[in-house]
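Residues per chain are reported as follows:
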Amino acid sequence: PSTPTFTALPPTETFTPTYNPNPKPVRQTFTAEDGRQLVGYFYPAWKPNAPVVVLMHQFQSEQAMWQKSPIVAWLQNWAVPPGQGAPTQSADGLLPSMPTELSFAVFTFDFRGHGESLPADLGSDGYRKHANEFLMDAKAAYQTARQMPGVDPNRVIGIGTSIGADAVVDVCEAGCVGAFSISPGSFLKVEYGPVVRKLIAEGKPVRCMYAVNDPPSPETCQSVPQGDRYKIFAYGGQKHGMAFVVLPHKMEADFGENLLSFLEEAIQ
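Keep in mind that this is a model prediction, so the values were computed, not measured.

Thresholds applied
Every chain is numbered on its own, with residues counted from 1 as its sequence reads. The predicted nature of this model means local features are confined to residues of pLDDT at least 70 and side-chain atom pairs, given and counted, to a pLDDT of 80 or more, with totals for whole chains, interfaces and linings taken over all residues. Computation of side-chain values: all heavy atoms of the structure, hydrogens and water removed. The way it works is that DSSP assigns letters per residue, a run of H or I at least four long becomes a helix, a run of E at least two long becomes a strand, and they are numbered from the N terminus. For a helix, the expected span equals 1.5 Å multiplied by the number of residues minus one. Burial classification: accessible surface area is computed with a 1.4 Å probe over protein chains only, and a residue below 20% of its type maximum counts as buried, one above 50% as exposed, and the rest as partly exposed. Cysteine sulfur atoms are paired as a disulfide whenever they come within 2.5 Å of each other. Helix axes are fitted to C-alpha atoms over the stretch in contact, other axes to C-alpha atoms as well, and angles between N-to-C directions run from 0 to 180 degrees. Roughly parallel means an angle under 35 degrees; roughly antiparallel, over 145; roughly perpendicular, 65 to 115; everything else is oblique. When the near helix sits turned anticlockwise from the far one by under a right angle, the crossing is termed left-handed; a clockwise turn instead gives a right-handed crossing. Only heavy atoms matter for contacts: two residues are in contact if any of them lie within 4.5 Å across the pair. Amino acids outside the nonpolar list (Ala, Val, Leu, Ile, Met, Phe, Trp, Tyr, Cys, Pro) and the charged list (Asp, Glu, Lys, Arg) are all regarded as polar, and Gly is one of them. Two strands make a pair as long as DSSP finds a minimum of two bridges between them.

Novice: Requested: an account of helix α3 (residues 131-146), with residues and values cited.
Specialist: Between its first and last C-alpha, α3 extends 23 Å over 16 residues, near the 22 Å set by a 1.5 Å rise per residue. Along α3, the residues that are buried comprise Ala131, Phe134, Leu135, Met136, Asp137, Ala138, Ala140, Ala141, Tyr142, Thr144 and Ala145.

Novice: Give me the state of the cysteines: which residues, what numbers.
Specialist: A complete count under the given rule lists 2 disulfides for this structure. One disulfide bridge connects Cys172 with Cys176, the sulfur atoms lying 2.0 Å from each other. Taking the sign of the torsion about the S-S bond as the criterion, the disulfide between Cys172 and Cys176, at about -95 degrees, is left-handed. For Cys172, a relative accessible area of 3% gives the class buried. Paired through a disulfide, Cys208 and Cys221 show a sulfur-sulfur distance of 2.0 Å. Judged by the sign of its S-S torsion, about -75 degrees, the bond between Cys208 and Cys221 is left-handed. Of this pair, Cys208 sits in strand β7 (residues 206-211) while Cys221 is found in helix α6 (residues 217-221), placing the two residues 13 residues apart along the sequence.

Novice: Which residues make up the packing of α3 against helix α4 (residues 163-170), and what values go with them?
Specialist: At their nearest, the axes of α3 and α4 sit 9 Å apart, and the two run at 60 degrees to each other. Between α3 and α4, the interaxial angle falls into the category oblique. Here the hand of the crossing between α3 and α4 comes out right-handed. Residue-level contacts link Phe134, Leu135, Ala138 and Tyr142 of α3 to Ile163, Ala167, Val168 and Asp170 of α4. Residues belonging to the contact of α3 with α4 are distributed by class as follows: 7 nonpolar, no polar and 1 charged.

Novice: A description of the environment of Ala141 should follow, citing residues and the corresponding values.
Specialist: Along the polypeptide, Ala141 turns up in helix α3. With 111 residues separating them in the primary sequence, Ala141 and Phe30 have C-alpha atoms 7.9 Å apart. With residues up to four places along the chain from it excluded, the contact list for Ala141 reads Phe30, Val54, Phe107 and Phe109.

Novice: Give me helix α7 (residues 255-266): which residues, what numbers.
Specialist: The terminal C-alpha atoms of α7, which comprises 12 residues, lie 16 Å apart, in line with the 16 Å expected from a rise of 1.5 Å per residue. Of all the 12 residues making up α7, 9 are buried; the element is thus mostly covered by neighbouring parts of the structure. Here α7 has its buried residues at Phe255, Gly256, Asn258, Leu259, Leu260, Phe262, Leu263, Glu265 and Ala266. In this fold, the buried residues of α7 make contact with β3 (50-56), α2 (71-76), β5 (151-161), β6 (176-182), β7 and β8 (230-235).

Novice: Talk me through the sheet that holds β5; I want residue IDs and the actual numbers.
Specialist: Taken in spatial order, the 8 strands line up as β1-β2-β4-β3-β5-β6-β7-β8 in an open sheet, and their pairing is mixed. A single partner strand is all that each edge strand has here, and the edge strands are β1 (26-31) and β8. Ignoring strand direction, the axes of neighbouring strands in this sheet form an average angle of 20 degrees. Sheet topology places strand β2 (residues 37-43) next to strand β4 (residues 105-109); 4 bridges connect them, and they run antiparallel.

Here is the structure:
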């Protein structure tokens, strides 16, 4: 019998999907562990495999407040056509120029009972009654952010105010590489100090920021001694949470530099 012969076929060409986002936010629904449906918005970075920042608002506020701040556009760091202004919103010069090669994706969301996340009103019940539920919301937000397109799931960063300032550290687990707390107070029935010490021991940078006349935030931040991974920023007055970041004229002069330094350390 004759010996069969074989003709080698050329390899099949494969195609890698092109990452082609734009800076506009995409509405995203997601579900907490107890089945509560939540609403968030994803703001893509301009390049793939980017770190993602999860922004967490305070009680009786909503994610839309972040849209009133220049921080989201500053984090995305999208270029603009020549002659059409600065590359990023600079908050009247109070935010430093983001390094050209850096671009962060951003994920904002509404805690249940706030903004677009139902039920419509939890105000009369108080934040402590719903502490465990808010922590479930924050955990689900971190997990959802890790799954967004173009995101590096192992470089997730939390920035939060008030209850969000506590939540960003309380659920900083898989994939989370650092947290920046503005006006924390152990509001979600988890002691801030022990959680932060654990994160520091894991090599994750944490920052804590407060106004000196805004208890219990000063005591909360000072419950952990400063060190290489943990830094405290104290300011005069009674400002709380979002008041530090929403309007440019209310930003502290060194806030942007402190935030950028933290971000760069977190993604190393």
